[in-house]
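Architecture and fold: a report
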Amino acid sequence: MNLGTRRTDPITTEVIRHALETIAEEMGTALRRTALSVVVKDMRDYSCAVFDRSGRLLAAALDIPTLLASMSPALRACLDKWGDDIHPGDVFLSNHPYLGACQTNDLNLFVPVFDGDERLIGFTGAIAHHADWGGVVPGTAAATSRSAFYEGVMLPAVKLEVRGVPEPNVRDIITANTRHPKQNHGDLRAQVAAARSGARRFARLAERYGTDTLVTAIDDLIGYTAERTRAELLALPDGTYQAEGWLDDDGINPGASVRLAVTVTIEGGSAHVDFSGCDPQMPGGMNIPTSTTRSVVHYAIKCLLPGDVPFNEGSMEPVTIDAPEGSAVNPIFPAAVGDRHLASQRLASVMTRALAPAAPHRASAEWFVGWPVLICESASPKTGDGVVLLANVAGGAGATASHDGADAVDVHMANCAIIPAEVIESSYLLRVERYELRPDSGGAGRTRGGLGIRADYRNISDGPMQFLSEAEQSDPGHAPQGLDGGLPGTPASIVLIREDGAQTPLPAKGQHVAAPGEVVSLRAGGGAGFGDPALRPREAVEADLRGGRITARAARDHYNLAAADR
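Below or above, wherever it landed, is the structure these notes cover. Here the structure is a predicted model, which means the values were calculated and not measured.

1. Side note on the overall build of the protein
Tallying secondary structure elements over the protein gives 11 helices and 20 strands in all. In summary, the protein has a C-alpha radius of gyration of 24 Å against a globular reference of 24 Å for 566 residues, a match within 12%. In terms of principal-axis extent, the alpha carbons of the protein reach across some 80 × 60 × 40 Å. Within the protein, buried positions represent 60% of all 566 residues. Contacts spanning at least 24 positions in sequence make up 72% of the contacts within the protein whose residues lie at least 6 apart. Carbon and sulfur atoms form 51% of the exposed surface of the protein, whose accessible area is close to 20,900 Å². A distance of 4 Å separates the average location of the 51 positive side-chain charges in the protein from that of its 69 negative side-chain charges.

2. Brief notes about the sheet that holds strand β19 (residues 510-514)
Pairing is antiparallel in the open sheet, where four strands are placed in the order β13-β12-β16-β19. Taken across any chain shown, the strands that pair with only one partner, and hence form the sheet edges, are β13 (386-392) and β19. Neighbouring strand axes in the sheet, compared pairwise and without regard to direction, differ in orientation by 25° on average. Examined bridge by bridge, strand β12 (residues 373-379) and β13 share seven bridges and lie antiparallel to one another. Opposite Leu374, over in β13, you have Ala391 as the bridge partner.

3. Section: the sheet that holds strand β11 (residues 319-322)
An order of β8-β9-β10-β11 is seen for the four strands of this open sheet, with the pairing classed as mixed. The open sheet terminates on both sides in strands that have one partner only, identified here as β8 (239-247) and β11. The mean inter-strand angle of the sheet, taken between neighbouring strand axes irrespective of direction, is 15°. As judged from the five bridges shared by strand β9 (residues 258-267) and strand β10 (residues 270-274), these two strands associate in the antiparallel manner.

4. Observations concerning the nonpolar core
The tendency in soluble globular proteins is for nonpolar side chains to be buried as a group. Membership of the largest hydrophobic core comes to 102 residues, with the highest contact counts inside it found for Phe110, Phe275, Met351 and Tyr457. Leave out the neighbours within four places in its chain, and Tyr457 touches Leu374, Ala391, Val393, Ile424, Leu430, Arg431, Val432, Tyr435, Glu518, Val519, Val520 and Leu522. Counting 44 residues, the second-largest nonpolar core is a separate cluster that includes Val111, Val192, Ala195 and Ala199.

Quick notes on the rules
Residues numbered from 1 in each chain as written. Predicted model: local features only at pLDDT ≥ 70, side-chain atom pairs only at ≥ 80, totals over all residues. Heavy atoms only, no water. Helix = DSSP H or I, 4+ residues; strand = E, 2+ residues; numbered from the N terminus. Rg over C-alpha atoms; globule rule 2.2 N^0.38 Å. Buried < 20%, exposed > 50% of the residue type's maximum accessible area, 1.4 Å probe, protein only. Contact = heavy atoms within 4.5 Å. Areas by Shrake-Rupley, 256 points an atom, 1.4 Å probe, with all protein chains shown as cover. Lys, Arg positive; Asp, Glu negative; His and termini not counted. Charge placed at Lys NZ, Arg CZ, Asp CG, Glu CD. Pairing = 2+ DSSP bridges. Axes fitted to C-alpha atoms, helices over the stretch in contact; angles between N-to-C directions. Core = buried A, V, L, I, M, F, W, Y, C linked by side-chain atoms within 4.5 Å.

The structure is reproduced here in structure tokens:
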């Protein structure tokens, strides 16, 4: 296998590679430990990465895949705008979804890195999700948004700091347009600190190895990754692979399903990804901007590669993408994109299902990608300050031929943590009354689908709580599908529980009200099963019963294990 011509020795390149990856990981740790918001500190909705001077991704902490591949386009927008007007101490900020970013809530922050002779050698970047960024509704992102202008203030590759001096006009714009700017400014300061800590480490690499050697090693690293990716694609059977999937609706028209489709052509060590089968752009906020579409493709290709292949720009060199303008995966400004996460998760599911026949040893039944979320404006019990909650509820992974699906995971394009109940109760006027796995939510099979979570939040304030719910795969027809005879996973649902215990199902997307004492119950779906349930080993069924993962009814109906048999 020819992996190209190296200009630096392999050991030096590998040492530099791991140093860059360590820088990205340490940046993430610094960001998490210094951030102000629950979303960054506890939910861990952030990513950090290192780039070369042309904006190519060199290394990343593998935190949130949907954010990582979108950072390069956002950085290139900064380079296009500022050209040679880049200096030590500058800090760039961009969240414009039509200038490389993925949604206004996700703030891309970049710090340039210079060597001892003040030559630009690269950038460090930190992207973090801000719980609120202004706009029509608390939390900003909503499937019901009809325009990008509904989705908060757009910052088109601006300088947050100029030669180390904060730009007060940018701070004033943020303060004037967000609901709780103290939280936003706190997280931005943490992003700056994280990116600058990484920049210092990156500059020391140039000092240690010399700028010319470092730049050459970076080129070798990207070239090596590209050649490894080509070699792995070449090992797959040439062919055309297709799949489609459906969103429950577009966020505006309930029940009007939206088609997402992909055709992947693998030939001679390259891959062409064609999204021309996708429906036109949607009137609501679930459109997928091109940066996120690129992230989906980068993620799916990475899933095909062995774990020792580096994660950098080279992974995309053998890959081309056709995403027609005006489609759901390449909308035209000012189409809303704030709720693109749900749609991109479904697109990732479609992509991985399309590629499954090319790499059947990596195939699994479908995963739950509907990600129920509760967004509401509340007050801190400790300070009385206004705060916005963004709480997600994880679902189940699909089963493989040899393993049950994982329970309670934020799958595919996401990797957020579940906010601990103690943190929610100490930060918002809410009481968490349940955090539990949903029995029977995973699809039955020889190997069982993973279980989703049920989370119940009681309003303990003195007044009504306006809240936004967002979920997909609430339509049973779009639930995760099994493989080789496995059964589907359970769909998602959102339920309002009155004080007397009466339960009212709510639309999966939209704004609602919970009176004092009422409970909002988010119920994530489970992954699908793999193989005929009748072939599941009896001891595995009995273990599921003992562990509460399935009920006696499921044991009887799906696994033929009657009460008398136990």
